[in-house]
Amino acid sequence: MNPYRTHTAGELRAKNAGEQTRLAGWVHRRRDHGGLVFIDLRDRWGIIQVTFDPERAELFTAAEKLRPEWSISVEGEVALRPEGNENPELTTGEVEVQATELRVLNESATPPFEIDREREVDELLRLKYRYLDLRRERMRKNILFRHQVVKHMRDFLDERGFVEIETPLLTASTPEGARDYLVPARLYPGQFYALPQSPQQFKQLLMVAGFERYFQIARALRDEDQRGDRQPEHTQLDLEMSYTTQDEVLDLIEGLYTEIVEDFSGKKLVSKPFPRLTYAEAMDRFGSDKPDLRFGLELKDVSEIARSSEFKVFRGAVESGGSVRGIAVGGLGDLSRRETDELTKIATDAGAKGLAHFRIEVDGLTGPVAKFFSEEEQTSLRTSLGAEPGDWLFFVADRNPVVFESLNRLRLHFRDRLGLAGEGVLALCWVTDFPLFEWNEDEKRIEPMHHMFTMPCEEDLEKLDTDPLSVIGQLYDLVANGTELASGSIRIHRPDLQQKVFSIVGIDKEEAERRFGAMLTAFRYGAPPHGGIAPGIDRLIMVLQDEPNIREVMAFPKTQAARDEMMDAPGPVSEVQLKELNIALRRAPGSDKGSNPATHPSEGNN
Ligand code: ASP
């Protein structure tokens, strides 16, 4: 028999009254009340009240000494609580345990923050004492929820013939657009392993190996600048299939995600099936390839009206190949000058030169530049945006990328300001048909939109030689409420085509052979057509649990500054270790503050 417990703290109910029980866990709270000592005993499964009666004097005195977070084991009888004393907030709230024995397993120092209350606690402190933070309800729930979801993923895929296969952590670089984490190889002085930015090459090689359907709950390590939803290491559901099509991959993940949302979260899906938008359509309607479909405020193109207008700013933008687009916003009421200045700043921060704004009155438009538009043009602007009297119209005239980005930011601003996104709903959608490449203006070169293993659309193959930037790739993203949850693609499986894509992104034959030799060789052995996807698990859990960042859904995340506060990493290593690794530091540790780490050309951007 287990010496610590016969039951868990979450399972006892009225039907157990009269039974003997032994429980183990932490002192959640202690109250001395009406001559009795009450303990809320907490374990992973729940909380139950334990009472200590002064009639058992020795036990009572011991109970009086208990403090929060002491680890104890108690024995006693389950009893119905006296009428009126039930606690409907606890699943065990109808009963209590009347203690007959108490064992203190371990005392606890006073915790640096309260475990039993959800109060704001400094995040660094939480991360330093993460093992205590994880005892708190919010974190416990998130981690257990995450387990449920991941288990469901495994079961779902297993039922459909997928095999889980581990791929190495110590390997050669697999670029996904970030810097590699490198590990010095002791046995090969001057040489390094790279930690995988994703298992991309391995999963493709597993298709060449004939496993047909692979998945892995995989860690991906990327040394990139930190943001709210990024971490040096994150977990993805990495997945690959042979002899497949884009639709098949999308349907599979859509089925899985529909079940996860509906069976495990209290959220409602806005639309089923998930809408599928091409990249061009997403940009055109929402100014973003991660559109938040929980609300409207769609962008409208008024370039044709602008082209013939007197207003030089509008006309000029269209004449130089850009566009003029706008959104109509209702429910704003009067806007002060300060408010329109704030809105203008949102647009200019995104690169726009300005923001033209109008108010719709019954008999036309008002606003600083309204006088440049004829009555007829005013009517066309208004009807193009489907606006009503009282609405405001906002227009940006510029190069398309600037127009899209500034209106996207404004759209999201109004979403938050006007509370347009419904609570508890999830708008999942697919964005497909991305360009295969994009132009990196800073480095003046072409780079892959996703990664360099993506298959171009069949129809565009010829354009690879003539106009690569216009080639559409067979690649797709899953987006939820404006957050990207997954990226994937159909892959190249022929060595000649792979070689060509490498050369377009500036990797010559020799370099390709050195960096991706295994792939190129493997493709010569009858590699099957294949494709896959890699949904991020941390982000999914974050969205489903309404958490503001992924640190809240990871057991042991790094800080925003990429440090492990609890383990105090990274840290210096001994001279002996460095010597073994054949490494000499260029500067003493800590002396390089403010230095500029060499930048690494990026090779994709997901
Ligand atoms: N390897 C890609 C990533 O990590 C996903 C994929 O294409 O399957 O984003």
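What comes next is a walk through the structure.

About the criteria used
Numbers given for residues are sequential positions, taken from 1 along each chain in its written order. Only residues with pLDDT of at least 70 get local features here, since the model is predicted, and only at 80 or more are side-chain atom pairs given and counted; chain-wide, interface and lining totals rely on the full set of residues. Note that the side-chain values use all heavy atoms of the structure and ignore hydrogens as well as water. Exposure is judged per residue with a 1.4 Å probe applied to protein chains only, and the accessible area is read against the type maximum: over 50% gives exposed, under 20% gives buried, and values in between give partly exposed. Helix and strand assignments follow DSSP, with helices taken as H or I runs no shorter than four residues and strands as E runs no shorter than two, numbered in order from the N terminus. We call two residues in contact when some of their heavy atoms are within 4.5 Å. One requirement defines pairing of two strands: DSSP has to find at least two bridges between them. Each pair of aromatic rings taken from Phe, Tyr and Trp, with Trp reduced to its six-membered ring, is defined by centres within 6.5 Å and is described as stacked if the planes are under 30 degrees apart, edge-to-face if over 60, and tilted in the remaining cases. The axes are straight lines fitted to the C-alpha atoms, using for helices just the contacting stretch, and the angles between their N-to-C directions are given from 0 to 180°. We call a set of buried residues a nonpolar core when its members are Ala, Val, Leu, Ile, Met, Phe, Trp, Tyr or Cys and they connect through side-chain atoms within 4.5 Å of each other. Basic side-chain nitrogens of Lys or Arg form a salt bridge, by our definition, when they fall within 4 Å of a carboxyl oxygen of Asp or Glu. In this analysis, the expected span of each helix is defined as 1.5 Å times one less than the number of residues it contains. To get the bend at a given residue, fit one axis to the seven residues ending there, fit another to the seven starting there, and take the angle between those axes. Definitions for this section: a left-handed crossing has its near helix turned counterclockwise from the far helix by less than a right angle. A right-handed crossing has that turn clockwise. For this classification, Asp, Glu, Lys and Arg are treated as charged, while Ala, Val, Leu, Ile, Met, Phe, Trp, Tyr, Cys and Pro are nonpolar and the rest, including Gly, are polar. The definition of a polar contact used here is a pair of N or O atoms within 3.5 Å, where within protein one atom must be able to donate a hydrogen and the other to accept one, and adjacent residues in sequence count solely through side-chain atom pairs. Oblique is the label for any angle not covered by the other classes, which are roughly parallel (under 35 degrees), roughly antiparallel (over 145) and roughly perpendicular (65 to 115).

Along helix H14 (residues 495–504), the residues that are buried comprise Leu 497, Gln 498, Gln 499, Val 501, Phe 502 and Ile 504. The elements touched by buried residues of H14 are strand E20 (437–440), strand E21 (445–448), helix H13 (463–466) and helix H15 (509–522). A positive phi of about 90° marks Gly 506, the residue just after H14.

Let us look at the pairing of strand E9 (residues 213–221). In this structure, strand E6 (residues 163–164) lies alongside E9, joined through 2 bridges in parallel fashion. Its bridge partner being in E9, Glu 164 is matched across the sheet by Phe 215. Of the strand pairs in this sheet, E9 and strand E10 (residues 233–242) are connected by 9 bridges, and their pairing is antiparallel. Counterpart to Ala 218 in the pairing with E10 is Gln 236.

This next bit is on the environment of Leu 182. Note that Leu 182 resides in strand E7 (residues 182–184). Residue Leu 182 is classed as exposed on the basis of its relative accessible area of 51%. Sequence separation of Leu 182 and Pro 196 is 14 residues, and the distance between their C-alpha atoms is 9.4 Å. Ignoring any residue separated from it by four or fewer positions in sequence, one finds Leu 182 in contact with Phe 192, Tyr 193 and Ala 194.

Before going further, it helps to spend a moment on the packing of aromatic side chains. What the rule picks out here adds up to 14 aromatic pairs. Here the aromatic rings of Phe 314 and Phe 395 are separated by 5.9 Å at their centres, their planes lie at 65°, and the arrangement is edge-to-face. Remark: Phe 395 occurs in strand E17 (residues 392–398) and Phe 314 occurs in helix H9 (residues 312–319); sequence separation between them is 81 residues. With respect to class, Phe 314 is no different from Phe 395; both count as buried.

Glancing now at the sheet that holds E6. Spatially, E6-E9-E10-E24-E23-E22-E19-E12 is the arrangement adopted by the 8 strands of the open sheet, whose pairing is mixed. Strand pairing shows two members of the sheet lacking a second neighbour, E6 and strand E12 (276–278), which therefore form its edges. Along the sheet, helix H7 (residues 279–286) makes contact with E12 and strand E19 (428–432), crossing E12 at roughly 90°.

Moving on to the nonpolar core. Ranked by internal contacts, the top residues of the largest apolar core, which has 61 residues, are Met 153, Tyr 257 and Leu 478. For this core, the leading source of residues is helix H6 (residues 246–264), giving 8 residues.

In this section: unusual backbone geometry. Note the cis peptide between Lys 272 and Pro 273, where omega equals -10°. Looking at the element boundaries, Pro 273 is found in the loop between strand E11 (268–269) and E12. Cis geometry marks the peptide bond from Ala 569 to Pro 570, where omega comes out at 0°. Notably, Tyr 243 is not glycine yet its phi reads approximately 45°, a positive angle.

So, on to the pattern of salt bridges. Close approach of charged atoms allows side chains with opposite charge to pair. In the structure shown here, the tally under the stated rule is 60 salt bridges. Between Arg 22 and Glu 75 there is a salt bridge whose closest N-O contact spans 3.1 Å. Here Arg 22, found in strand E1 (residues 20–33), pairs with Glu 75, found in strand E4 (residues 71–80); they are 53 residues apart in sequence, far enough to count as distant. Since its relative accessible area comes to 16%, Arg 22 is described here as buried. Take Glu 75: its relative accessible area is 22%, and that puts it in the partly exposed class. One salt-bridge network, held together by shared partners, links Arg 126, Arg 130, Asp 133, Arg 136, Arg 138, Glu 547 and Glu 552.

Let us look at the side chain of Thr 171. With respect to the helices and strands, the residue Thr 171 is situated in the loop between E6 and E7. If sequence neighbours within four positions are ignored, Thr 171 has contacts with Tyr 193, Ala 194, Pro 196 and Phe 202.

Attention now goes to the sheet that holds E17. Pairing is antiparallel across the open sheet formed by 5 strands, whose spatial order is E13-E14-E17-E15-E16. Either end of the sheet is taken by a strand with one partner, and the two such strands are strand E13 (300–301) and strand E16 (364–366). Pairing geometry for strand E14 (residues 323–329) and E17, over 7 bridges, is antiparallel. Residue pairing across strands places Val 324 opposite Ala 397, the latter belonging to E17.

Once that is clear, we can look at H15. The terminal C-alpha atoms of H15 lie 16 Å apart, and with 14 residues this falls more than 12% below the ideal 20 Å at 1.5 Å per residue. At Phe 516, H15 shows its largest bend, some 95°. Those residues of H15 not exposed but buried are Ala 512, Phe 516, Gly 517, Met 519, Leu 520 and Ala 522. Those residues of H15 that are buried are in contact with helix H5 (200–208) and H14.

The next point concerns the packing of helix H4 (residues 137–159) against H6. The description of two packed helices rests on the angle between their axes and on the distance between the axes. Where H4 contacts H6, the two axes come as close as 11 Å, and the packing angle between them is 145°. Read as a crossing pair, H4 and H6 show a hand that is right-handed. Of H6, the residues touching H4 (which contributes Phe 145, Gln 148, Val 149, His 152, Met 153, Phe 156 and Leu 157) are Leu 252, Gly 255, Leu 256, Tyr 257, Glu 259, Ile 260 and Phe 264. Taken together, the residues of the contact of H4 with H6 sort by class into 10 nonpolar, 3 polar and 1 charged.

Time to look at the environment of Asp 398. With respect to the element layout, Asp 398 can be found in strand E17. C-alpha of Asp 398 to C-alpha of Lys 353: the two residues are 45 residues apart in sequence and 7.7 Å apart in space. Beyond its immediate chain neighbours, meaning those up to four positions away, Asp 398 contacts Ala 317, Gly 322, Ser 323, Gly 351, Ala 352, Lys 353 and Val 403. Among the polar contacts listed, one links the side chain of Asp 398 to the side chain of Lys 353, at a separation of 3.1 Å.

Bringing the pairing of E17 into the picture now. Buried residues dominate E17, accounting for 7 of its 7 residues. Side chains of E17 alternate between two faces, with Trp 392, Phe 394, Val 396 and Asp 398 and Leu 393, Phe 395 and Ala 397 buried alike. Where strand E15 (residues 356–361) and E17 come together, 4 bridges link them in antiparallel fashion. The residue bridging His 357 from the neighbouring strand is Phe 394, located in E17.

Packing of helix H10 (residues 337–349) against helix H12 (residues 400–418) leaves a shortest axis separation of 7 Å and a crossing angle of 135°. In terms of orientation, H10 lies oblique with respect to H12. Relative to H12, H10 is oriented so that their crossing is right-handed. Contact residues: Glu 339, Leu 343, Ile 346, Ala 347 and Asp 349 in H10; Ser 406, Arg 409, Leu 410, His 413, Phe 414 and Arg 417 in H12. For the contact of H10 with H12, a count of residues per class yields 5 nonpolar, 2 polar and 4 charged.

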